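Working through the structure, step by step
Chain by chain, the residues:
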Amino acid sequence: MSYQAKLRVWRGDAGSGELRDFDVEANDGEVVLDLIHRLQATQAPDLAVRWNCKAGKCGSCSAEVNGRPRLLCMTRMSVFEPDEVITVTPMRTFPVIRDLVTDVSYNYTKAREIPSFTPPPELKPGEYRMRQVDVERSQEFRKCIECFLCQNTCHVIRDHDENKAAFAGPRYLMRIAELEMHPLDVADRRNEAQTEHGLGYCNITKCCTEVCPENIHITDNALIPMKERVADRRYDPIVWLGNKLFRH
Ligand code: SF4
Ligand code: F3S
Ligand code: FES
């Protein structure tokens, strides 16, 4: 089946912009990104959109469809009614560069602020040994494609630019949790998670988990365990000492 879909797309730049309506051909099996490309090819050649793989793996095509953070390449047209207006807007949490493209450098800044994997100094490469259960725990977090939809969704920064300096966001708090739970990482990341990266701002609303296209259990498997570890360390010196002595 082929029909004319009603697309409402945000056009503009850092200074100003507006929603514009377009009728765009849609065919069976297509995704929203297909229609954005057709719109570019037929009516709006200067429309800016970031994309790369068209397979849900590069994390480039993040935007909002009818207000919900989504990957444009993984959002099937079949989930909308043929006469429904489909509104496509840039991610709201990051500054617009042009049209659907935002400046996501906040995320790279936060990534750089996290000290890297710190193995025990006495172990040489090739001597690292881990239990399979620990490998699997990290693997869930490593499915992340860095689409930043979780960052975009989290209410702590979504409408609060002023919190960005103090809050790393779910994707990077998850990275800290991954390293903290890594049996060969000897850095103690709990204090920093709270004081430098804003773990305390997270009040477990789980919106980040709901929008993750990789279905990573960000809140349950990373943020809540990290909060528990911080609480243990802060309020229970015996647990803290036990963790220190027996964690490896
Ligand atoms: Fe995207 Fe999920 Fe990674 Fe967040 S955790 S950046 S939503 S893949
Ligand atoms: Fe934000 Fe996720 Fe916490 S949406 S408040 S980081 S649970
Ligand atoms: Fe790569 Fe959508 S284009 S995730």
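Structural data are supplied above this passage.
About the cut-offs
Within each chain, residues carry numbers counting from 1 in the order of the written sequence. Chains carry letters from A onward and ligands carry numbers from 1 onward, assigned in written order. Given that this is a predicted model, residues contribute local features only at a pLDDT of at least 70 and side-chain atom pairs are listed and counted only at 80 or more, while totals for whole chains, interfaces and linings are drawn from all residues. Hydrogens are left out, water is left out, and the side-chain values use all remaining heavy atoms of the structure. Only runs of H or I of at least four residues qualify as helices and only runs of E of at least two qualify as strands under DSSP, and these elements are numbered from the N terminus. To sort residues, take the accessible area from a 1.4 Å probe on protein chains only and compare it with the maximum for the residue type: under 20% means buried, over 50% means exposed, and anything in between is partly exposed. Contacts between residues were defined by any pair of non-hydrogen atoms, one from each residue, lying within 4.5 Å. To be near a molecule or strand, a residue needs just one of its heavy atoms within 4 Å of it. Under the scheme applied here, ten amino acids are nonpolar (Ala, Val, Leu, Ile, Met, Phe, Trp, Tyr, Cys and Pro), four are charged (Asp, Glu, Lys and Arg), and all others, including Gly, are polar. In this description, the arc belongs to the directions extending from the helix axis to the C-beta atoms. Here the expected length of a helix is defined as 1.5 Å per residue gap, with one fewer gap than residues. Note on aromatic contacts: the rings of Phe and Tyr and the six-membered ring of Trp form a pair at centre separations within 6.5 Å, being stacked when their planes are under 30 degrees apart, edge-to-face when over 60 apart, and tilted otherwise. Criterion for a charge above a ring: Arg CZ or Lys NZ at most 6 Å from the ring centre, at most 35 degrees from the ring normal.

**Observations concerning the environment of M181**
Looking at where M181 falls in the secondary structure, it is placed in helix α6 (residues 170-181). On the basis of relative accessibility, which here comes to 11%, the residue M181 falls in the buried class. In this structure M181 touches R137, F141, N221, A222, P225 and R229, once residues within four positions along its chain are discounted.

**Observations regarding the site of ligand 1**
Neighbouring ligand 1 are the residues C144, I145, E146, C147, F148, C150, R171, M174, C212, P213 and I218. Grouping the constituent residues of the shell around ligand 1 by class yields nine nonpolar, no polar and two charged.

**Remarks on helix α3 (residues 132-141)**
Residue pairs three or four apart in sequence face the same way in an α-helix, which turns once every 3.6 residues. Among the residues of α3, D134, S138, E140 and F141 are the ones counted as buried. One side of α3 holds all its buried residues, which, seen down the axis, span an arc of 155°.

**Considerations on α6**
For α6, with 12 residues, the first-to-last C-alpha span of 16 Å sits near the 16 Å given by 1.5 Å per residue. Most of α6 is tucked away: 12 of the 12 residues are buried.

**Quick look at unusual backbone geometry**
Positive phi outside glycine occurs at D99, with the angle close to 50°. Relative to the elements of secondary structure, D99 occurs in the loop between β6 (96-98) and β7 (101-102). With a phi close to 70°, K206 is a non-glycine residue in the positive phi region. Checked against the element boundaries, K206 lands in the loop between α7 (190-195) and α8 (207-211).

**A closer look at the site of ligand 2**
Near ligand 2 you find C154, H155, P170, C202, N203, I204, T205, K206, C207, C208, T219 and L223, and these make up its full shell. Mapped onto the shell around ligand 2, the elements with two or more residues apiece are α8 and α9 (218-235). Tallied by class, residues from the shell around ligand 2 come to seven nonpolar, four polar and one charged.

**As for the packing of aromatic side chains**
Taken as a whole and judged by the stated rule, the model has four aromatic pairs. For the pair Y108 and F148, a centre-to-centre distance of 5.7 Å together with 80° between the ring planes defines the contact as edge-to-face. In this pair, Y108 sits in helix α2 (residues 105-112) while F148 sits in the loop between α3 and α4 (149-153), placing the two residues 40 residues apart along the sequence. Residue classification places F148 among the buried residues on the basis of a relative accessible area of 4%. Ring geometry for F117 versus Y128: centroids 6.2 Å apart, planes at 80°, classification edge-to-face. Here Y128 lies in the loop between α2 and α3 and F117 lies in the loop between α2 and α3, a separation of 11 residues in the sequence. A residue is classified by how much of its surface remains accessible, and Y128, at 31% relative accessible area, is partly exposed. Taking NZ or CZ as reference, K164 lies 5.7 Å from the ring centre of Y106, over its face.

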